[in-house]
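What the coordinates show
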Amino acid sequence: MSEIAREVDSTLVFLIAFCTVILVGVAVAMFAMVFKYHRSKSPTTKQIHSHTGLEVAWTVVPFILCIGLFFVGYEGFKAMRTPPADAMQITVTAQRWFWSFTYPDSGITTGELTIPVNRSVKLNIRTDDNEVLHSLYIPAFRVKEDAVPGLDTYIWLHPDQTGTFNIFCAEFCGKDHSKMITTLHVVEQDEYDAWLDKQVAEYYRPVEATLAMSDDPEVLAGYDGDKLFTKYCASCHGAGGEGGGPYKARDFRSIEGWKQGTKKTDVFKTISTGIPGTEMRSFAHLPVRERLALMRKITSFHPDRQQPTVEDIAVLKAAFPELDPTRAVQIPKPNMPIDEAMKQVVEEGQVP
Amino acid sequence: MSAAALATPAAINYINAEKGILSWLTTTDHKRIGILYLCSITFFFLFAATLGVLMRLELLSPGMQYMDSETYNRILTLHGMTMIFLFIIPAIPGIFGNFFLPIMIGAEDVSFPKLNLASWYFYMAGGTLALLSVMTGGPDTGWTFYVPYSFKTGANVFYPLLAAFILGWSSILTGLNFLTTVHRMRAKGVTWGKMPLFVWSLYATSWVQVIVTPVVGILLLLVLAERVLGVGIFDPSKGGDPILYQHLFWIYSHPAVYIMVLPAMGVVSEIIPTFARRTIFGYKFIAVSSIAIAAIGSLVWAHHMFTSGMADEARIIFSFLTFFVAVPSAVKIFNWLATLYGGSIALEPPMVLTLAFILIFSVGGLTGLILGALSTNIHLHDTAFVVGHFHYTMFGSGGIMFLAASHYWFPKMFGRMYNRNVAYVSILLFVIGFNVTYMPLMFAGVAGMPRRYADYLPEFETYHAISTTGSWILYAGILLMVGNLGYSVFKGKKTDKENPWGGKTLEWRTPTPPPTLNFDGEPDTSIGPYDYPVEVER
Ligand code: HEM
């Protein structure tokens, strides 16, 4: 819940009450008349053609009421569209058919949204240019806004209670529109900090390439390839990897005709970069272990395939720093206030 | 045969004047064209209602039981498209407008009888294309065809877009015909101020049809161009604007809502005076409010886009305008209620349906206020609340009044009468089923259930289970009602009563069923459409 959600609720209750009163009024008037002037009781009629006073009254009064109702809705709306300047900014990316949330400073991306309680959070909504419309809807906070290709939109919240809430897609986006659901966790600030530290550490923890391409289960302990596959891949490639679907996705049960190769190294690369010109997109935002778990799951549909050579692995390692523990992984520096940054720029630019 | 029977002028009427299927398919008689529309529209209505019940069946419990989500999306699209383009837009104008508009103004036919027949063929071509598209898998975009989805989907949207385009032609031709007929063909004595309100409402509707339908025609062509040629008007990856599509779509489709509801309101303004034996209260206000609804209704389209990413200022302006459309609708409701005052009310089946309309349409209109208010709209937009709202407005106005009109004009059209007791039972089932189906959806929407979901989280199950149960009652009511009428067309009790209900409009002063040229001799226009005498107790 948030202050804004409560305000929407009271507006809603007010409007429903208002409408109910009118509805009951209309119903009572109608039934009373049908009862009173039923032909069995009222064989004669009064012919009244019109009554200007009455008609003007019931035109003008609804007119004024309607203007009033407009302002009732407008008040709540204004607050909804005015995020405080110090709100924490999280980027929400909508894709068929899942959500990803990118956190400021650390640059990590997650599939569920976690935010601290009692803080304003602005959710900047975006989607890729080749995407369709989606709509970020968090019913518990009574907010919703479309994700439009080529346009930046936003909503903001200020939760004042912890809890777990649904996030839906509310704009029709095709096959798995009704599965484009994820979860919002609102937690205490210290819980949030601990969670974030853990996520960041895990997100940037590298895996050595040779180990990554092995079948060693230890490497991916705690990662569930089946679950990830269901979440990210099954909507196009089918629960059994059979492919087809609305975008004629690759059938994983065979190794014929794969555009970018079928070796484990190739598959990892495809997951990380996508296939240009097709609906197969990049999943680079997933932590490396999730991508590896997906790679293992996908190759398991047809285990009998060419193994990567030492050179293949070396090439992959060179291309993906997350597969090379010797290369220090860059954890992005936290954003700094603009005047501080300017100062630093000036200092760095100083010619000795 | 006795000489008396031969002498009856009603012996030859529009039904038996010519024989054979071909005589129907090539007819230019507006009444026969009305019957052609009746057959085809009833077919499409039952077809789409069945699709609706299938969807509700799938939504009975969470998880996918009877179909996959792609099939669900196709059924959803087909249901919406058929209901909108093939049922609710053409229903009342196509059937009862064609049949009764000329008679009500004392004309022999419409201005352009051949174009009138052509419009039915356009309708059938569009309908056939829509059905054909099913065989190629069917579109899966929702009836709104929003871009970029509609040019990205692998499903066939070419046929349905073409179908909608052709149906637009049908709509425009009918509109043109009615406009010219009202302007040029009124019998002497039928002045603008003496035109039945049903004719007024069709007149207002026709203007909307003629003015806004071309917009959607062009839009549909642009989407086809986008798909086939990749011109990039709407495609964001080429710098196009998907929100532009929504504007153009709703510039047509919002006024189209009034194309659906205005004729229905016209029927209400006929049925209530007839069964209350009372002159309509505030004739001028009702006539003018039809025009006002048509005019203001054309300026509120973007209230479908409050969460679309459109500028906040635009949202505020469109919310403000939206509230004004409510006023003329409210005025009509008050006028109808006032018409009951001091009347002598007979609760015949058409009247009962009309009273149901008043309440159901009020719910639809009032929930529209809740959606028009900005802050609540943001929460409720694209949820089940909207599904409830638009079924209450469209089905609750156009749909119910189509059924009421069928019961009202049935004896005049066919010279037979339906079984009244069966009619009452079917109405009861219908009204109960209707509310049980759609009321829970409003609550589901308030609880946050998004619309166009093939599947849902278990927490929404109760709402859906009740709604699905309601859809069975509703469906039973519809089948019984249509069955009763369909049976009675052939087997109903014969009647040649000119005026079974005691109405005052011109169609009640011509033989039953009407002769080919509508009247035996000159129509008697000395009595106005609502000139009820103050009756003396018998
Ligand atoms: C037997 C009667 C009917 C049943 C059971 C029924 C049921 C449904 C259901 C379950 C949906 C899907 C809602 C969603 O999740 O978005 C729907 C959508 C819709 N219905 Fe009906 N309906 C019926 C009659 C009508 C009538 C008479 C009309 C029009 C006058 C109508 C117009 C629509 C439209 C326009 C949609 C939206 C389609 C879309 O989202 O593209 N329905 N209906």
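Residues numbered from 1 in each chain as written. Chains lettered and ligands numbered in written order. Predicted model: local features only at pLDDT ≥ 70, side-chain atom pairs only at ≥ 80, totals over all residues. Heavy atoms only, no water.

A word on the overall build of chain A
Short version of the rule: Counting from the N terminus, the helices are DSSP H or I runs at least four residues long and the strands are E runs at least two residues long. Our radius of gyration is a C-alpha quantity, and the globule rule it is checked against amounts to 2.2 Å times the number of residues to the power 0.38. Accessibility here uses a 1.4 Å probe with only protein chains present; expressed as a share of the type maximum, an area under 20% marks a residue as buried, one over 50% as exposed, and anything in between as partly exposed. Contacts are assigned to residue pairs with any non-hydrogen atoms lying within 4.5 Å of each other. Every accessible area reported is derived by Shrake-Rupley at a probe size of 1.4 Å, with residue values counting cover from the shown protein chains alone. The positive count covers Lys and Arg only, the negative count covers Asp and Glu only, and His and the chain ends enter neither. Where a charge lies is defined by one atom per residue type: Lys uses NZ, Arg uses CZ, Asp uses CG and Glu uses CD.
Within chain A one finds ten helices and ten strands. For 352 residues, the compact-globule formula gives about 20 Å, and the C-alpha radius of gyration of chain A, at 29 Å, lies well above that figure. When the backbone C-alpha atoms are referred to their principal axes, chain A occupies close to 100 × 60 × 35 Å. Looking at chain A as a whole, 48% of its 352 residues qualify as buried. Of all intrachain contacts in chain A linking residues separated by at least 6 positions in sequence, the fraction that spans at least 24 positions is 67%. Put simply, chain A shows about 16800 Å² of open surface, and 60% of that area lies on carbon and sulfur atoms. Averaged over its 36 positive side-chain charges, chain A has a centre that lies 8 Å from the centre of its 44 negative ones.

Here we look at the overall build of chain B
The helix and strand inventory of chain B stands at 17 helices and two strands. Against the globule reference of 24 Å for 538 residues, chain B gives a C-alpha radius of gyration of 23 Å, in line with a compact fold. At a minimum sequence separation of 6, the contacts of chain B that also span at least 24 residues come to 82%. When the accessible surface of chain B is split by element, carbon and sulfur atoms take 69% of a total near 17600 Å². In chain B, the 30 positive side-chain charges and the 28 negative ones have mean positions that sit 9 Å from each other.

With respect to the state of the cysteines
Residues and elements named next belong to chain A. Rules: Here, a disulfide means two cysteine sulfur atoms that sit within 2.5 Å of each other.
Inspection of every chain in the model, using the stated rule, returns zero disulfides over all chains. We note that C169 lacks a disulfide partner, and the nearest cysteine sulfur, in C173, lies 3.9 Å from it. Free of any disulfide, C236 has its nearest neighbouring cysteine sulfur in C233, separated by 9.0 Å.

Quick look at the pattern of salt bridges
For clarity, the threshold we go by: Every case where a carboxyl oxygen of Asp or Glu lies within 4 Å of a side-chain nitrogen of Lys or Arg is listed as a salt bridge.
One pass over the structure, following the stated rule, counts 26 salt bridges over all chains. One salt bridge connects A:K297 with A:D226, and the closest N-O pair in it is separated by 3.0 Å. One end of the pair, A:K297, is in helix 8 (residues 288–300); the other, A:D226, is in helix 5 (residues 225–232), with 71 residues separating them in the sequence. When its relative accessible area of 19% is taken as the criterion, A:K297 is described as buried. Its relative accessible area of 45% is what places A:D226 among the partly exposed residues. Two residues, B:D382 and B:R451, come together in a salt bridge whose shortest N-O distance is 3.7 Å. In this pair, B:D382 sits in the loop between helix 14 (374–380) and helix 15 (384–414) while B:R451 sits in the loop between helix 16 (420–446) and helix 17 (461–491), placing the two residues 69 residues apart along the sequence. The pair B:D382 / B:R451 is uniform in exposure class, with both members buried.

Brief notes about the coordination of the iron atom of the ligand
Residue and element names in this part refer to chain B. To keep it simple, the criterion reads: Listed donors are limited to N, O and S atoms within 2.8 Å of the metal, widened to 3.2 Å for Na, K and Ca; water is not among them, so incomplete-looking sites are possible. Square planar and octahedral assignments, for four and six donors respectively, both demand that opposite donors be over 155 degrees apart and that all other angles lie between 65 and 115; tetrahedral needs four donors with all angles between 85 and 135 degrees, and anything else is irregular.
Around the iron atom of the ligand, the protein contributes the donor atoms H79 (NE2) and H391 (NE2), which lie 2.0 to 2.1 Å from the metal centre. Because the angles between the six donor atoms bound to the iron atom of the ligand fall within 86 to 180°, the donor set is best described as octahedral. Taken as a pair, H79 in helix 4 (residues 69–88) and H391 in helix 15 lie far apart in primary sequence, 312 residues in all. Each of the two residues, H79 as well as H391, counts as buried.

Details of the pairing of strand 9 (residues 163–169) of chain A
All names here are of chain A. Quick reminder of the rule: The pairing criterion for strands is at least two bridges between them, as found by DSSP.
Pairing between strand 6 (residues 134–138) and strand 9: two bridges, direction antiparallel. The residue of strand 9 that forms the bridge with Y137 is F168. Taken together, the five bridges between strand 9 and strand 10 (residues 182–187) define a ladder with antiparallel strand orientation. Paired with G163 across the bridge in strand 10 is V186.

Describing the site of the ligand
Residue and element names in this part refer to chain B. For clarity, the cut-off: The criterion for a residue being near a molecule or strand is simple. One of its heavy atoms has to lie within 4 Å of it. Polar contacts, as used here, are pairs of N or O atoms within 3.5 Å; protein pairs need one atom able to donate a hydrogen and one able to accept it. Residues neighboring in sequence count only if both atoms are side-chain atoms.
Around the ligand lies a shell of 24 residues, among which H79, W143, H391, R451 and R452 are the nearest. Here an oxygen atom of the ligand and a backbone polar atom of W143 are 2.8 Å apart. In this structure, Y438 approaches the ligand through a side-chain N or O atom, which is 3.2 Å from a nitrogen atom. Contributing elements (two or more residues each) for the shell around the ligand: helix 3 (30–58), helix 4, helix 15 and helix 17. The greatest single-element share of the shell around the ligand, amounting to seven residues, is contributed by helix 4.

Details of a nonpolar patch on the surface
Our working rule: Patch rule: a residue counts if its relative accessible area is over 30% and it has no salt bridge; like charges are joined within 9 Å, and nonpolar side chains (Val, Leu, Ile, Met, Phe, Trp, Tyr) within 5 Å.
A surface patch of nonpolar side chains, about 540 Å² in accessible area, is lined by B:F158, B:V228, B:L229, B:V231, B:I233 and B:L244. Assessed through its relative accessible area of 66%, B:L229 is described here as exposed.

Some thoughts on the domain arrangement of chain A
Residues and elements named next belong to chain A. Which entries qualify depends on this criterion: Each domain's extent is set by a domain assignment, obtained either automatically or from a database. When two components associate, each loses some accessible surface as probed by a 1.4 Å sphere; the sum of these losses over both components is called the buried area.
The domains assigned to chain A are domain 1 (3–33 + 52–80), domain 2 (88–203) and domain 3 (209–323). Inter-centroid distance (C-alpha atoms) of domain 1 to domain 2 is 34 Å. Counting residues at the interface gives eight residues for domain 1, matched by seven residues for domain 2. With both chains or domains summed, domain 1 and domain 2 bury close to 580 Å², and 44% of this area falls on carbon and sulfur atoms. For the pair domain 1 and domain 2, the number of links is two salt bridges. Inspection of the domain 1/domain 2 interface yields four residue pairs in polar contact (both at pLDDT 80 or more). Breaking the side of domain 1 that touches domain 2 down by element, the ones donating at least two residues are helix 1 (3–36) and helix 2 (52–80). Among the elements that take part in the side of domain 1 that touches domain 2, helix 1 stands out by supplying six residues, more than any other.

Quick look at the interface of chain B and chain A
By convention, interface size is frequently given as the accessible area that disappears when the constituent parts associate. Basically, it comes down to this: Classification convention: Asp, Glu, Lys, Arg as charged; Ala, Val, Leu, Ile, Met, Phe, Trp, Tyr, Cys, Pro as nonpolar; all other residues, Gly among them, as polar.
Taken together, the contacts link 91 residues of chain B with 83 residues of chain A. At the boundary of chain B with chain A, total buried surface from both sides reaches about 7600 Å², with 68% on carbon and sulfur atoms. Where chain B touches chain A, the interface holds two salt bridges. Between B:R315 and A:E145 there is a salt bridge whose closest N-O contact spans 2.7 Å. Summed over the shared surface of chain B and chain A, the number is 26 residue pairs in polar contact (both at pLDDT 80 or more). Those elements giving two or more residues to the side of chain B that touches chain A turn out to be helix 4, helix 7 (149–152), helix 10 (242–276), helix 11 (283–297), helix 12 (312–340), helix 13 (349–372), helix 14 and helix 16 of chain B. A per-element tally of the side of chain B that touches chain A places helix 12 of chain B first, with 16 residues. For the side of chain B that touches chain A, the class distribution of residues is 51 nonpolar, 26 polar and 14 charged.

So, unusual backbone geometry
Excluding glycine, a negative phi dihedral is what most residues carry, and trans is how most peptide bonds are arranged. The omega torsion across B:V147 and B:P148 is -5°, close enough to zero to call that bond cis. Looking at the secondary structure, you find B:P148 in the loop between helix 6 (113–135) and helix 7. Here B:T512 and B:P513 are connected by a cis peptide whose omega angle stands at -15°. You will see that A:N118, though not glycine, has its phi angle at about 60°, which is positive.

Thoughts on empty space enclosed by the protein
Residue and element names in this part refer to chain B. Definition in use: Here a cavity is any set of points on a 1 Å grid over the protein atoms alone where a 1.4 Å probe fits but cannot get out, and a pocket is any open set with protein on both sides within 12 Å along at least 5 of 7 lines; a residue lines the site when it has an atom within 4 Å of a point. Grid points are joined across faces, edges and corners, and a volume is the space filled by probe spheres set on the points.
Scanning all chains against the criterion turns up four cavities of 30 Å³ or more. Around the largest cavity, the lining is made up of 18 residues, and of these F85, I89, P90, L167 and S171 lie nearest the centre. For the lining of the largest cavity, the elements supplying multiple residues, two or more each, are helix 5 (91–104), helix 8 (158–184) and helix 9 (197–229). Residues belonging to the lining of the largest cavity are distributed by class as follows: eleven nonpolar, seven polar and no charged.

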